[in-house]
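Residues per chain, in single letters:
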Amino acid sequence: MDKNTLDKTDIKSLSLQELKKEMEVLGEKGFRAAQLYEWMHVKLARSFGEMTNLSKALREKCEERYHYTDLKILQVQQSRLDGTRKYLFELSDGNVVESVWMQYKHGNSVCISSQVGCRMGCRFCASTLDGLERNLLPSEMLDQIYAITAHTGERVSNVVVMGTGEPMDNYDNLLKFLRMLTDENGLHISQRNITVSTCGLVPRMKQLAEEKLQITLALSLHATTDEKRKKLMPIANKYSIDELMEACAYYFDLTGRRITFEYSLVGGVNDTDEDARELIELAKPLCCHINLIPVNPIKERDYVQSEDGRIQAFKNKLEKNKINCTIRREMGRDIDGACGQLRRRHIKEEKQC
Ligand code: SAH
C-alpha cells in the first residue's frame, strides 16, 4: 500500500451525511455527495476514474484526498455440488480475508469476515490459530459484498457476519457497516436479512440490543454448562452462560427478534443426551432457534464430528421438546475446509515462497 494511503480518509466508510460535510469543505455542491455515494455503494465503482458524471477536477481532488478501498480477487473456489463459492481477497495492505457466496431458494447469501484473524481462541476454529492481525474497516466489510455482487452479476439478499473474526470485537466498524449496508441510498439490504454471529461478548450484545436494529443475533453457544464451555471457548472464562442468556433475553425484549443459538456438535464432547436435555432447559424460556452444526474438523486439533445417528437423535430430542431447530446444511462440502482454512493455507504457501 502507498504509504500516504494510511493518512488519507477512507471515503467508502463515510456515511452520506459525512460525505456531504466533506464536499462542503471542498467547496462542492451538496448533490455531489449523493453522486459519489451512488457510485460507491450502488453502482459499485472500483475507482474515481469510473465516475464519469463528476468533473475531472473533482475526481483528481478525491484521488488526492481519499483512500479508495478495493479488493483483489486472489482465488475463487466453486463447489460442483451446489454452486457455493469461496473467495479469497487481498486487501489494500496485502492482508487476505475470505468470504463465501451461497445460493438458496430465497436468494443469494454472502458470509463475510469482520477481522483479519481473530483473538477469541475458540478451540475448534481455524480462524483464530494465528491470532488477530487487525480489524476490518466498514468499507472492507462492504467491499466483500460488492466484489461478489460484481463477480457473480447477481444481487445479494442476505448477509451473515460469520466468517473470520469476532464482529463484536470490532463493534464500531460493524455498526457503521450495518447502517451503510441497509441504507436506502446504498444496496439497501433488509435488516431482517442480516445475521451477526458472536461468541458472546455480553456488554456488546446488550449495546447492539439498544441500537434496536431488526437484524438477527446469533450466539455461538456450543456447550450447556460453564465448565464444558470453558474447554471449548476461552471467552467462557469471562462471561457465564447465565449472563449470556440474560443478554439474549434483553436482545429479544428490545428488538422482538428471535435469537439463534449455534451449537457445533463435537463427537463425545457436547453431543450426549444429557447435553441435549441441558440445552432444552436453556432454550425453553427464550424465543430462539437452534442451529446444529456438525463440527468441521481442523487438522490442528483432534475434534471429530458426531456420528450422523447421534446428530439426528440430538435433533429429535430437541424437537420432541418443542425446540425449534435445524441441522446446518453443509454448503460447498467439496470445496470447504473449515472457516478460515482457505486464508490459512494461502498464508502458509506465501511463507514457503
Ligand atoms: N466470531 C463469531 C463469528 C465467526 S464463526 C462467532 O464466534 O460466532 C461462525 C460460527 O462457526 C461460530 O458459531 C463458530 O463457533 C463456528 N465454527 C468455527 N469453526 C468451526 C468448525 N471448525 N466447525 C464448526 N463450527 C465452527
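Residues numbered from 1 in each chain as written. Predicted model: local features only at pLDDT ≥ 70, side-chain atom pairs only at ≥ 80, totals over all residues. Heavy atoms only, no water.

Got a minute to help me understand the overall build of the chain in this structure?
Counting its regular elements, the chain contains 11 helices and 14 strands. For the chain, the C-alpha radius of gyration of 21 Å lies close to 20 Å, the compact-globule estimate for 353 residues. Overall size of the chain, expressed as C-alpha extent along the three principal axes, is 70 × 50 × 40 Å. Across the 353 residues of the chain, 54% fall into the buried class. Of the roughly 16300 Å² that the chain leaves accessible, carbon and sulfur atoms contribute 46%. For the chain, the distance from the average position of its 52 positive side-chain charges to the average position of its 52 negative side-chain charges is 2 Å. (Helix = DSSP H or I, 4+ residues; strand = E, 2+ residues; numbered from the N terminus. Rg over C-alpha atoms; globule rule 2.2 N^0.38 Å. Buried < 20%, exposed > 50% of the residue type's maximum accessible area, 1.4 Å probe, protein only. Areas by Shrake-Rupley, 256 points an atom, 1.4 Å probe, with all protein chains shown as cover. Lys, Arg positive; Asp, Glu negative; His and termini not counted. Charge placed at Lys NZ, Arg CZ, Asp CG, Glu CD.)

Explanation requested: the site of the ligand in the structure shown.
Every one of the 17 residues lining the ligand counts as a neighbour, but Gly165, Ser197, Ser220, His222 and Asn296 are closest to it. Serine 264 is positioned with one of its side-chain polar atoms (N or O) 3.0 Å from a nitrogen atom of the ligand. With respect to the ligand, the backbone of asparagine 296 contributes an N or O atom lying 2.8 Å from a nitrogen atom. If you list the elements that add at least two residues to the shell around the ligand, you get β10 (194-198) and β12 (259-265). The residue inventory of the shell around the ligand, partitioned by class, reads 7 nonpolar, 8 polar and 2 charged. (Near = heavy atom within 4 Å. Polar contact = N/O pair within 3.5 Å; in protein donor to acceptor, adjacent residues only side chain to side chain. Nonpolar A, V, L, I, M, F, W, Y, C, P; charged D, E, K, R; others polar.)

Just checking my understanding: could you explain unusual backbone geometry for this structure?
Trans peptide bonds make up most of the peptide bonds, and negative phi angles are found at most residues other than glycine. A positive phi is found at histidine 188, a non-glycine position, where the angle reads about 55°. For histidine 188, the position within the fold is in the loop between α5 (171-182) and β10. Classification of histidine 188 as partly exposed rests on a relative accessible area of 45%. For lysine 212, which is not glycine, the phi dihedral falls at a positive 55°. Along the chain, lysine 212 turns up in the loop between α6 (202-211) and β11 (216-220). Residue class for lysine 212 comes out exposed when judged on its relative accessible area of 53%.

What's the story with the packing of aromatic side chains in this structure? I'm lost.
The description of an aromatic ring pair uses the distance of the two centres, along with the angle that the planes make with each other. One pass over the structure, following the stated rule, counts 3 aromatic pairs. Here the aromatic rings of phenylalanine 48 and tyrosine 68 are separated by 4.9 Å at their centres, their planes lie at 70°, and the arrangement is edge-to-face. Taken together, the residues span a long stretch of sequence, with phenylalanine 48 in the loop between α2 (31-41) and α3 (56-65) and tyrosine 68 in the loop between β2 (66-67) and β3 (72-78) at a distance of 20 residues. Residue classification places phenylalanine 48 among the buried positions, given a relative accessible area of 2%. Judged by its relative accessible area of 12%, tyrosine 68 falls in the buried class. With 5.4 Å between their ring centres and 25° between their planes, tyrosine 263 and phenylalanine 314 make a pair best called stacked. Remark: phenylalanine 314 occurs in helix α10 (residues 308-320) and tyrosine 263 occurs in strand β12; sequence separation between them is 51 residues. (Phe/Tyr/Trp six-rings, centres within 6.5 Å; stacked < 30°, edge-to-face > 60°.)

How should I be thinking about the packing of helix α9 (residues 273-283) against α10 in this particular structure?
To characterise two packed helices, one gives the angle between the axes of the helices and the distance between these axes. α10 packs onto α9 with a crossing angle of 30° between their chain directions and a minimal axis gap of 9 Å. Classified by the angle between their axes, α9 and α10 sit roughly parallel to one another. The interaxial crossing formed by α9 with α10 has right-handed handedness. Listed contacts from α10 to Asp273, Asp275, Ala276, Arg277, Leu279 and Ile280 of α9 are Arg310, Phe314, Lys317 and Leu318. The residue inventory of the contact of α9 with α10, partitioned by class, reads 5 nonpolar, no polar and 5 charged. (Axes fitted to C-alpha atoms, helices over the stretch in contact; angles between N-to-C directions. Parallel < 35°, antiparallel > 145°, perpendicular 65-115°, else oblique. Left-handed = near helix turned anticlockwise from the far one by under 90°. Contact = heavy atoms within 4.5 Å.)

How should I be thinking about the sheet that holds β11 in this particular structure?
One key point about sheets: their strands pair by backbone hydrogen bonds, in either a parallel or an antiparallel sense. Pairing within the open sheet is mixed, and its 10 strands lie in the order β3-β4-β5-β6-β9-β10-β11-β12-β13-β14. Sheet topology places β3 and β14 (325-327) at the edges, where each strand pairs with a single neighbour. Put simply, the sheet's adjacent strands are angled 20° from each other on average, direction ignored. Sheet topology places strand β9 (residues 158-161) next to β10; 3 bridges connect them, and they run parallel. (Pairing = 2+ DSSP bridges.)

That's the geometry; what it means functionally is another story.
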